[in-house]
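Coordinate inspection notes
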Amino acid sequence: MIDKWTFGLTMLVTGMGGTLLTLLFFSFLIYLLKCVFPYKKEEEIKGEE
């Protein structure tokens, strides 16, 4: 059986790694959405009409 320190360190690495991977995933998702739906200023939109 593993001791408390090993279990704690394993939980720390797993939790921090999972958090960083989730943030990386959301950053990539936002980047893709910006490429698919680029931002247009209001003046550009009115000029196209």
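Residues numbered from 1 in each chain as written. Predicted model: local features only at pLDDT ≥ 70, side-chain atom pairs only at ≥ 80, totals over all residues. Heavy atoms only, no water.

**Details of the overall build of the chain**
The helix and strand inventory of the chain stands at two helices and zero strands. Within the chain, the proportion of its 49 residues that are buried is 0%. Of the roughly 5200 Å² that the chain leaves accessible, carbon and sulfur atoms contribute 73%. (Helix = DSSP H or I, 4+ residues; strand = E, 2+ residues; numbered from the N terminus. Buried < 20%, exposed > 50% of the residue type's maximum accessible area, 1.4 Å probe, protein only. Areas by Shrake-Rupley, 256 points an atom, 1.4 Å probe, with all protein chains shown as cover.)

**Some points on a nonpolar patch on the surface**
Nonpolar side chains collect at one region of the surface, where Phe25, Phe26, Leu29, Leu33, Val36 and Phe37 lie side by side and expose about 620 Å² of accessible area between them. On the secondary structure map, Leu33 appears in helix H1 (residues 4–36). Taking the relative accessible area as the measure of exposure, Leu33 reaches 44% and is therefore partly exposed. (Patch = residues over 30% accessible without salt bridge, like charges linked within 9 Å, V, L, I, M, F, W, Y side chains within 5 Å. Salt bridge = Lys/Arg side-chain N within 4 Å of Asp/Glu carboxyl O.)

**Digging into the environment of Asp3**
Along the polypeptide, Asp3 turns up in the segment before H1. There is a polar contact of 2.4 Å between the side chain of Asp3 and the side chain of Thr6. (Polar contact = N/O pair within 3.5 Å; in protein donor to acceptor, adjacent residues only side chain to side chain.)

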